[in-house]
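Fold and geometry: a report
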Amino acid sequence: MKRVLSLILCFSTSFSLIVPSHAAASMSDQPRTDTATVYLSDEVSLNISITDQDHPDSPSTSFEISQFDNGRLVRKVMLSDDGKYLLGTEYSDGTVVRQYSINLTERIDFHPSATPATMTSARSAEYVIGYITFNPLVGETTSERLRVYCDPYYYDEESYTINGKAADAFSDIVGILLSFFVSYSWPAEKIADIVAQTIVSFFGGKVTGSAIGVAFTETVAVAAYYYNFRSYKLSAGIYSNTYSGISRRVLTRKGGYCGNWYHEGTTPSTWKDGNVFATWCWNDMYGEYCPGVKSYS
């Protein structure tokens, strides 16, 4: 099952067995839920629901996977609040028959750099990456502006090994994979699409029953760039809290995904995304309703 991670990491997907639906909360400070359904065969389908809490103290984005066999719910898998476990519930004819947990540290092994110390560098070279200009508050005509600092403080080369067991259900396997990739902010539709390609292609379209039936292990090596971000209020001479992020570039040559980038948290590639970092900074500085971002520069 070496192709599992290779396919999961590919960005280009063109599978047609997807029925997406999306739901977003009307308020920016409320969780956003994104859902999609993937049909693995005429018998087996999965509903994937991903909730982005948009909060700096959230340990991870949450998700829930429901597996249906012949239209009947047979299993639900969700990420625990601390992001360390998969919590599973098995059903038979609508009745709970078993509850279980999967320790993700036993399924996703992190390997620190094995390169010489000279290849691993720690540095602090904070620089101004840009500015955030906010809309004026109601009744005001002037806009507040914050200067944004990026500190690329650490670089390392890392690797991860993802493990699956033959007794795992399809929803378990997807949960293990999703726990690793969910922080990359892929939409549920894309994740469902990749899941379909991965599992259906491996089984040649013959997906039946609950268990995947095959053990697998796969390792991916990455170059990891660590960042700290904070903003500065020019008029008051004060800083916001510091927010961290990691950008990872795949080094593993096999699988066709070498060179792909993946981002977690606040990075040079994501600090403007969804105005999330800007909202955190506003709340740090002003402690009141954010009027929204007018522009970045």
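Predicted model, so just to flag it, every value in this text is computed and none were measured.

About the cut-offs
Per chain, residue numbering runs from 1 following the sequence as it is written. Local features in this predicted model are restricted to residues of pLDDT 70 or higher, and side-chain atom pairs are both shown and tallied only at a pLDDT of 80 or more, whereas totals for entire chains, interfaces and linings draw on every residue. Derived side-chain values reflect all non-hydrogen atoms in the structure, with water molecules and hydrogen atoms excluded from consideration. When DSSP finds at least two bridges between two strands, those strands are taken to pair. Only DSSP runs of H or I with at least four residues qualify as helices, and only runs of E with at least two residues qualify as strands; both kinds are numbered from the N terminus onward. Throughout this description, the term nonpolar core refers to a set of buried Ala, Val, Leu, Ile, Met, Phe, Trp, Tyr and Cys residues connected via side-chain atoms within 4.5 Å. Buried residues are those whose accessible area, probed at 1.4 Å on protein chains only, stays under 20% of the maximum for their type, while exposed residues exceed 50% and partly exposed ones sit between those limits. Here, two residues are considered to be in contact whenever any of their heavy atoms come within 4.5 Å of each other. Geometry of aromatic contacts follows a simple scheme: Phe, Tyr and Trp rings, the Trp one being its six-membered ring, pair when their centres are within 6.5 Å, and the pair is stacked under 30 degrees between planes, edge-to-face over 60, tilted otherwise. We call a pair of cysteine sulfur atoms a disulfide when they lie within 2.5 Å. Confidence of the predictor at the level of single residues is given by pLDDT, which spans 0 to 100. Side-chain atoms alone can form a polar contact between residues adjacent in sequence; in general such a contact is a pair of N or O atoms within 3.5 Å, and within protein one must be able to donate a hydrogen while the other accepts it.

Right, let's talk about the pairing of strand β7 (residues 95–103) for a bit. As paired elements, strand β6 (residues 85–92) and β7 share eight bridges and run antiparallel to each other. Within β7, the residue paired with Y91 across the bridge is V96. Hairpin remark: β6 followed by β7, antiparallel, with two residues in the connecting loop; positive phi at D93, about 55 degrees.

On to the nonpolar core, then. In this structure, F63, I65 and L86 are the most contacted members of the largest nonpolar core, which totals 26 residues. Secondary-structure elements contributing two or more residues to this core are β3 (44–52), β4 (62–69), β5 (72–79), β7, β11 (145–164) and α2 (170–181). If you tally residues by element for this core, the top one is α2, at six residues. When residues no more than four places from it in sequence are discounted, the contact partners of I65 are L46, N47, I48, R75, K76, V77, S171, V174, G175 and L178. In terms of nonpolar packing, the next biggest core, distinct from the first, is built from 22 residues, V148, Y225, Y227 and Y286 among them.

Right, let's get into the packing of aromatic side chains. This model, assessed by the stated rule, comprises twelve aromatic pairs. Arranged with centres 4.9 Å apart and planes meeting at 50 degrees, the rings of Y155 and Y225 form a pair that is tilted. Note that Y155 is positioned in strand β11 and Y225 in strand β12 (residues 216–233), a separation of 70 residues in sequence. Residues Y243 and F277 carry aromatic rings whose centres are separated by 6.0 Å and whose planes lie at 85 degrees to one another, so their mutual orientation is edge-to-face. You can see Y243 sitting in strand β14 (residues 243–250) and its partner F277 sitting in helix α4 (residues 276–286), a full 34 residues away along the chain. For the pair Y243 and F277, a shared accessibility class is recorded, and that class is buried.

So, about the side chain of R107. Residue position: R107 is located in the loop between β7 and β8 (108–111). When its relative accessible area of 6% is taken as the criterion, R107 is described as buried. In this structure R107 touches I102, T161, I162, N163, G164, K165, D168 and I176, once residues within four positions along its chain are discounted.

Another point: the state of the cysteines. If you walk through the whole model with that rule in mind, you get zero disulfides. The closest cysteine sulfur to the non-disulfide-bonded C290 is located on C281, 9.8 Å from its own sulfur.

Turning our eyes to something else, we now look at the confidence of the model for the protein chain. Segments scoring low in pLDDT should not have their predicted coordinates read at a detailed level. Of all residues in the protein chain, 66% have pLDDT values of 70 or greater, and the mean over the chain is 75. Within the protein chain, the element-level pLDDT minimum falls on strand β1 (residues 18–23), averaging 38, and the maximum on strand β10 (residues 127–134), averaging 95. Below a pLDDT of 50 lies the segment residues 116–120, which in the model reaches seven contacts outside its immediate sequence neighbourhood of four places, other chains included.

Our focus in this paragraph is the pairing of β6. Bridge count for β5 against β6 is five bridges, and the pairing is antiparallel. Across the sheet, L79 pairs through a bridge with L86, a residue of β6. Taken together, β5 and the strand that follows it, β6, pair antiparallel across an intervening segment of five residues, in which G83 is found at a positive phi of about 75 degrees.

Within the secondary structure layout, Y296 lies in strand β16 (residues 293–296). In this structure Y296 comes out as partly exposed when scored by relative accessible area, which is 22%. Sequence-wise, Y296 and I132 are 164 residues apart; in three dimensions their C-alpha atoms are separated by 4.9 Å. Apart from residues no more than four positions distant in its own chain, Y296 is found in contact with Y131, I132, W271, K272, N275 and A278. Side chain to side chain, Y296 and N275 meet in a polar contact 2.7 Å long.

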